[in-house]
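Below are the chains, spelled out letter by letter.
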Amino acid sequence: MTPGSFFDRSELTRHLWSFRKEFLWVGFFSMIANLLLLTPTLYMLQLYDRVLKGRSELTLIVVTLLMVLFYAIMVVAEWLRSRLLVRGGVKMDEAMNAIVFNASFAKNLKRAGANPAEAIGDLTVIRQFLTGNGIFAFFDTPWTPIYIAVIFLLHPFLGWISMLFCVIQLVVAWSSHKTTVDDIERASKAGGESNAWFSSKLRNIEPVHAMGMSGSLRQRWLDLHERSLAENGHAQHKQQRQQAISKFIRYTMQSLTLGAGALMVIDGKMTIGGMIAANVLMSRALQPLDLLIVAWKPFIQARDAFFRLERLFSDFPELAAKPSRLAPQGDVRIDSLVATAPGRAEPILQGLDASFAAGTVTAIIGPSGSGKSTLARCLVGAWPDASGGVLYDEEPIQSWNSEELGSHIGYLPQDIELFEGTIAENISRFGEADPARVIEAAERTGIHEAILRFPNGYNSQIGESGALLSGGQRQRVGLARAMYGNPSVLVLDEPNSNLDDAGERALSQAVGQLKQSGKTVFLITHRHNILSVADRILALRDGRIEHFGPREGVLDVMRAQDAARNGNGHASANQNGQGKQNGQ
Ligand SMILES: Nc1ncnc2c1ncn2[C@@H]1O[C@H](COP(=O)(O)OP(=O)(O)OP(=O)(O)O)[C@@H](O)[C@H]1O
């Protein structure tokens, strides 16, 4: 069998198609389970119409044994179909999770504002739908007509009544679902918003406490919470009213079937056994319809999740692995680099050109908001929405295998961004830790001794985002992570912002060693004492290069400009050297 056009339309549908065998088996077991659901009806008919009339104990034993056997087969069939679906769901998850991870990773890198865990959540929603009870409704509902057909065999009048009742049941359940679904969704959204708001404030509890903000924040939360309570109350009220109506109609229908059967018995058109059997069959026929209505919402959620994932895969397809290359030598060039943040239209960097030879240290300076961190992100390829380019060894950064290149880059972001785990795991970038290299990196940043003083040394857990470390320790662990494995290029965004004098000395020493071993280092800083280790300075202003050249030359020009701004106009840039240089 080849996939039909629907199953051929995307990677996701092709994966679904690969589970067709499992679905066929589930259909087969559903058929057995549903046919054997007729067991109580048949048993009852045999008891009333054969055993009791004939007063035959042997018949009773035989039909009872058959009944037990049928129930056993039915239960095994139900168990097997559940097992198949659970296994299929897990297999589907396993087949898809790496692709979902990569695609959602690529999406988050491009659009920082998007819900980061949406795609993983979507995969879970689909798996839960496929392995939950809801999907059985879709396998069981087609059997409702069979039950009704058997009722028709008992008596056509009862058959018509049961058909009518099924339609009523569907209409009632559907209208009750329709009346309540929006309110339930609003209530759950309001609850989620109120909880999310509360949790986000708990994460920043210290300033809240220190600056006495809890009263006003509590008032804001109470507003949200009260809205959530009101929405919940409203939704529950509607749900209960609908449930009462449904209950009334269901009980009435059940008894009316019995009453109609009794009428048939009085008229001599049916046996008592038939009357009771029809009643049991009626409730069997209605059961999958009930389940179908309950399963409808998860089905819609799974369908939406499915389409979202399809869109994600088509927007961020798995790219063929880029060819392996030797480690970069460390020559970096930026070529007419125009870059902006994900989701922002106006460019932040406005056409930068510069080259940085291996074995040089460049300090990137400039006022707040001038684009230093943006340049750092472009240099490490974290913000790929750039035009122009960043080239490593004269090859565009996009043409490198990003995981391979990443192992040759050391990056310390401004917010440091450590991960929950041990110190050793963080330093070794959660790869296979080489203890000697972990220690070497820690020693370079001067934190080795401090780590040894922790109760579990390098195996100490650092908590979420490194919360159990001090600001300076976090920064040094982040620096050690950047230096781990001797990368060719290091981009350190404000590496000394939390360091004490000893830390700064260790950093300067480490940068000196990196330079000597031919590494290319970028230091983004507001603090001028670290500038002494830089060979060159690149000064940014409003996303453009204001100065770029040897350290002393640029510093002289800047001093002259400062002096001119402060009224000592005689110290001009021309007297003092290079002005804007080309970075040679
Ligand atoms: N994620 C983002 N989305 C939209 N705009 C951003 C984003 N990140 C930065 N910007 C904007 O880009 C500009 C440059 O920011 P950037 O962080 O690169 O500056 P910076 O020179 O590193 O500043 P600082 O010295 O304060 O860290 C700022 O105007 C900022 O508002």
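Reading the values: rules and limits
- Residues numbered from 1 in each chain as written.
- Predicted model: local features only at pLDDT ≥ 70, side-chain atom pairs only at ≥ 80, totals over all residues.
- Heavy atoms only, no water.
- UniProt positions renumbered as here; feature names shortened; annotations may be inferred.
- Near = heavy atom within 4 Å.
- Polar contact = N/O pair within 3.5 Å; in protein donor to acceptor, adjacent residues only side chain to side chain.
- Areas by Shrake-Rupley, 256 points an atom, 1.4 Å probe, with all protein chains shown as cover.
- Nonpolar A, V, L, I, M, F, W, Y, C, P; charged D, E, K, R; others polar.
- Buried < 20%, exposed > 50% of the residue type's maximum accessible area, 1.4 Å probe, protein only.
- Helix = DSSP H or I, 4+ residues; strand = E, 2+ residues; numbered from the N terminus.
- Pairing = 2+ DSSP bridges.
- Axes fitted to C-alpha atoms, helices over the stretch in contact; angles between N-to-C directions.
- Contact = heavy atoms within 4.5 Å.
- pLDDT = per-residue confidence, 0-100.

Going by an unreviewed UniProt entry, the chain carries the name Peptidase and comes from Chlorobaculum limnaeum. Database annotation for the chain, UniProt heading Subcellular location (unreviewed entry): "Cell membrane".

(A) Just the site of the ligand, in detail. Around the ligand sit 15 residues in total, of which S368, K372, S373, T374 and H526 are the nearest. Within the contact set of the ligand, an oxygen atom lies 2.9 Å away from a backbone nitrogen or oxygen of G369. The separation between an oxygen atom of the ligand and a polar side-chain atom of Q414 is 2.9 Å. In isolation the ligand has 630 Å² of accessible area, and contact with the protein removes 66% of it. Its residues assigned to classes, the shell around the ligand comprises four nonpolar, eight polar and three charged.

(B) Region of the structure containing the pairing of strand 7 (residues 489–493). Taking burial as the measure, the five residues of strand 7 include five buried ones, the bulk of the element. Judged by which residues are buried, strand 7 turns out to be covered on both faces: V489, V491 and D493 on one side and L490 and L492 on the other are all buried. One ladder, built from four bridges, connects strand 6 (residues 409–412) with strand 7; its direction is parallel. Counterpart to I409 in the pairing with strand 7 is V489. Pairing of strand 7 with strand 8 (residues 520–524), which is carried by five bridges, proceeds in the parallel orientation.

(C) Quick peek at the sheet that holds strand 8. The strand order across the open sheet built from six strands is 6-7-8-3-9-10, with neighbouring strands paired in mixed fashion. Taken across any chain shown, the strands that pair with only one partner, and hence form the sheet edges, are strand 6 and strand 10 (544–550). Shown here is a sheet whose adjacent strand axes are inclined to one another by a mean of 15°, direction ignored. Strands strand 6 and strand 7 of the sheet are contacted by helix 17 (residues 471–483), whose axis makes an angle of about 165° with strand 6.

(D) Fine view of the confidence of the model for the chain. Averaged over all residues, the pLDDT of the chain is 85; the fraction at 70 or higher stands at 94%. Note on residues 569–584: pLDDT under 50 across the span, and 31 contacts to partners over four residues away in sequence or across chains.

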